Amino acid sequence: MKISGSIYSDKNRSLKETILDLEAHQVDLLHVDCNDDLSVFDDIAQIREWCDMPIDLHIITETPEKYFDLLRKHPVEYVTFQYEQLKEKLEIPADIKGEKGLALITPTPVSAFDDYASYDFVLFMATIPGQSGGVFDPENFRKIREFKKKYPNKNVHVDGGVNGEVSFILRNMGVHSSVSGSFLFKGASVGHALMDLTKRAIQSQFKIRDFMIPLEECPVVQCETITFKRVLEAIDQGKLGFTIIEKNNQFDGIISNADVRKAMIKNFEDIAGLEVTEMINHDPITIDAEANVDDMLNLVRKQSFPVMYLPVINANNKTEGIVTFVNLIKGEI
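So, how was this worked out
Numbering of residues begins from 1 in every chain and follows the order in which that chain's sequence is written. For this predicted model, a pLDDT threshold of at least 70 governs which residues receive local features, and a threshold of 80 or more governs which side-chain atom pairs are given and counted, while totals over whole chains, interfaces and linings are taken from all residues. The side-chain numbers reported here are obtained from all heavy atoms of the structure, hydrogens and water having been left aside. Any two strands are treated as partners once DSSP identifies two or more bridges connecting them. Helix numbers and strand numbers start at the N terminus; a helix is a DSSP run of H or I with at least 4 residues, a strand a run of E with at least 2. Burial classes follow relative accessibility: with a 1.4 Å probe on protein chains only, a residue under 20% of its type's maximum area counts as buried, one over 50% as exposed, and anything between as partly exposed. Contacts are assigned to residue pairs that have any heavy atoms within 4.5 Å of one another. To define axes, lines are fitted to C-alpha atoms, for helices over the stretch in contact only, and angles between the resulting N-to-C directions are given on a 0 to 180 degree scale. Only residues whose relative accessible area exceeds 30% and that take part in no salt bridge are eligible for patches, with like-charged residues grouped when within 9 Å of each other and nonpolar side chains (Val, Leu, Ile, Met, Phe, Trp, Tyr) grouped when within 5 Å. Methods summary: accessible areas were calculated by the Shrake-Rupley approach with a probe of 1.4 Å, and residue burial reflects only the protein chains presented. Any carboxyl oxygen of Asp or Glu that lies within 4 Å of a side-chain nitrogen of Lys or Arg is treated as forming a salt bridge with it. Crossover handedness is defined here as right-handed if the route from the first strand over the helix to the second strand goes clockwise, with the strands pointing away from the viewer. Aromatic pairs are defined between Phe, Tyr and Trp rings, using the six-membered ring for Trp, whenever the two ring centres lie within 6.5 Å; interplanar angles under 30 degrees are classed as stacked, those over 60 as edge-to-face, and all others as tilted. Note that the arc is computed from the directions linking the helix axis to the C-beta atoms.

(A) Here's a closer look at the sheet that holds strand S13 (residues 309-313). Read from one edge of the open sheet, three strands run S9-S14-S13, paired in antiparallel fashion. Of all the strands in the sheet, the pair left with one neighbour each is strand S9 (213-214) and S13.

(B) View of unusual backbone geometry. Although it is not a glycine, Asp-36 sits at a positive phi angle of roughly 50°. Within the secondary structure, Asp-36 is located in the loop between strand S2 (29-35) and helix H2 (40-50). Asp-36 sits in the partly exposed class, given a relative accessible area of 35%. Positive phi is not limited to glycine here, since Asn-317 has a value of about 65°. Tracing the chain through its elements places Asn-317 in the loop between S13 and strand S14 (319-324). By relative accessible area, which is 32% here, Asn-317 ends up partly exposed.

(C) Quick peek at the environment of Thr-127. Assignment of secondary structure puts Thr-127 in the loop between strand S6 (121-125) and helix H4 (139-150). Apart from residues lying up to four places away in sequence, Thr-127 is in contact with Gly-134, Val-135, Phe-136, Asp-159, Gly-160 and Gly-161.

(D) Spotlight on the side chain of Asn-267. Position of Asn-267 relative to the elements: it lies in the loop between helix H10 (257-266) and helix H11 (293-302). Under the relative-accessibility criterion, Asn-267 is labelled buried at 17%. What Asn-267 contacts, discounting residues up to four positions off in sequence, is Leu-274 and Glu-278.

(E) Seen up close, the sheet that holds strand S7 (residues 155-159). In space, the eight strands of this closed barrel follow the order S1-S2-S3-S4-S5-S6-S7-S8, with parallel pairing throughout. Between one strand and the next, the sheet's axes are offset by a mean angle of 25°, whatever the strand orientation.

(F) View of a nonpolar patch on the surface. On the surface, Met-264, Phe-268 and Ile-271 cluster together into a nonpolar patch covering about 280 Å² of accessible area. Checked against the element boundaries, Phe-268 lands in the loop between H10 and H11. Here Phe-268 falls in the exposed class, since its relative accessible area comes to 59%.

(G) Representation of the pairing of strand S1 (residues 2-6) in the model. Within S1, four of the five residues are buried, which leaves it mostly tucked inside the rest of the structure. Here S1 pairs with strand S8 (residues 177-180) via four bridges, running parallel. Considered in S8, the bridge of Lys-2 is made with Ser-177. Looking at chain direction, S1 and S2 are connected through three bridges and run parallel. Within S2, the residue paired with Ser-6 across the bridge is His-31. Following the chain from S1 across helix H1 (residues 15-24) to the adjacent parallel S2, one finds a crossover that is right-handed.

(H) Up close: the packing of aromatic side chains. If you walk through the whole model with that rule in mind, you get 13 aromatic pairs. With a centroid separation of 5.1 Å and an interplanar angle of 70°, the aromatic rings of Phe-113 and Tyr-151 are classed as edge-to-face. Of this pair, Phe-113 sits in the loop between strand S5 (99-105) and S6 while Tyr-151 sits in the loop between H4 and S7, and the two are 38 residues apart along the sequence. In this structure, Phe-113 and Tyr-151 share a single accessibility class: buried.

(I) Spotlight on H1. When we look at burial in H1, the residues that qualify are Leu-15, Thr-18, Ile-19, Asp-21 and Leu-22. The buried residues of H1 occupy an angular sector of 165° when projected down its axis, which confines them to one face.

(J) Spatial organisation of the pattern of salt bridges. Under the defined criterion, the tally for this structure stands at 14 salt bridges. Put simply, Asp-10, Arg-13 and Asp-21 are held in one network by salt bridges that share partners.

(K) Quick look at the pairing of strand S3 (residues 55-60). Summarising burial for S3: six of the six residues are buried, a large majority. Handedness of the crossover joining S2 and S3 through H2 is recorded here as right-handed. Here S3 runs beside strand S4 (residues 78-82); their pairing, made up of four bridges, is parallel. Looking at the pairing, Leu-57 lines up with Val-79 of S4. Remark: the S3/helix H3 (residues 68-73)/S4 crossover connection has right-handed handedness.

Here is the structure:
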């Protein structure tokens, strides 16, 4: 996940000092907030003289057309317009360079992006736009899942309240870029903050239920109607590499790609006689929805094998969802 440093969040140094510090620490992007202020492009012109870091520009305005010539004169790598300020559908001229994004505040539904499906990414504002040091609203975890399911080929950017624990969860969810402002500059140094934003071990008070894939979005097969075909279809459609098996609406186990493969090897001479219930792993590693990220990492570290996913089960043996580590693993490659 890329880190986009919010350049105006550093209140103690000159703009040039901030930019050169972010460059020295190899921050991925420079996030520039433009709250309907044309003079921001004077700063962008200065930044281009100081370094060649990619610029991530977020514009909040009711009149986006007045920025088009400036974007032509000072092209940026990413430009985002705030949806809620737009009076009509925004048409960005084709000759304006850079990836295009739409920013949505937390109460705005993901469906607002439907009219902008040609854009490259969405920017979820997880705190109040323009607020520095705000607290991340966990409703955005659900919105990220919804958006990625609806638009699997679009990138997700997040701005607001991104500290070490939120960054870990966002990486696990496959977020492309997160904006960090006050968190980068309030500590001992930018370097210390970056280590917190990218480290793999993190203490967190967010609960698993805040960011898990809920049951209604999970692949599930009921044991009472189980067939080999239904299992394969659930694994294929769920795109997670396994399916949950329930019996009498309680958790009974999982069947993974590996479980299918092992059962077929074992019964290779009589595939037609293969009992699909033989594939069920009745005792996988699971976690409670009330556990936090630190509990989850401690659980994973104790295992002698790589953990790719965790079914989320409550004290009554009811399935609540899934945590998958596929995106986190991809991000570490």
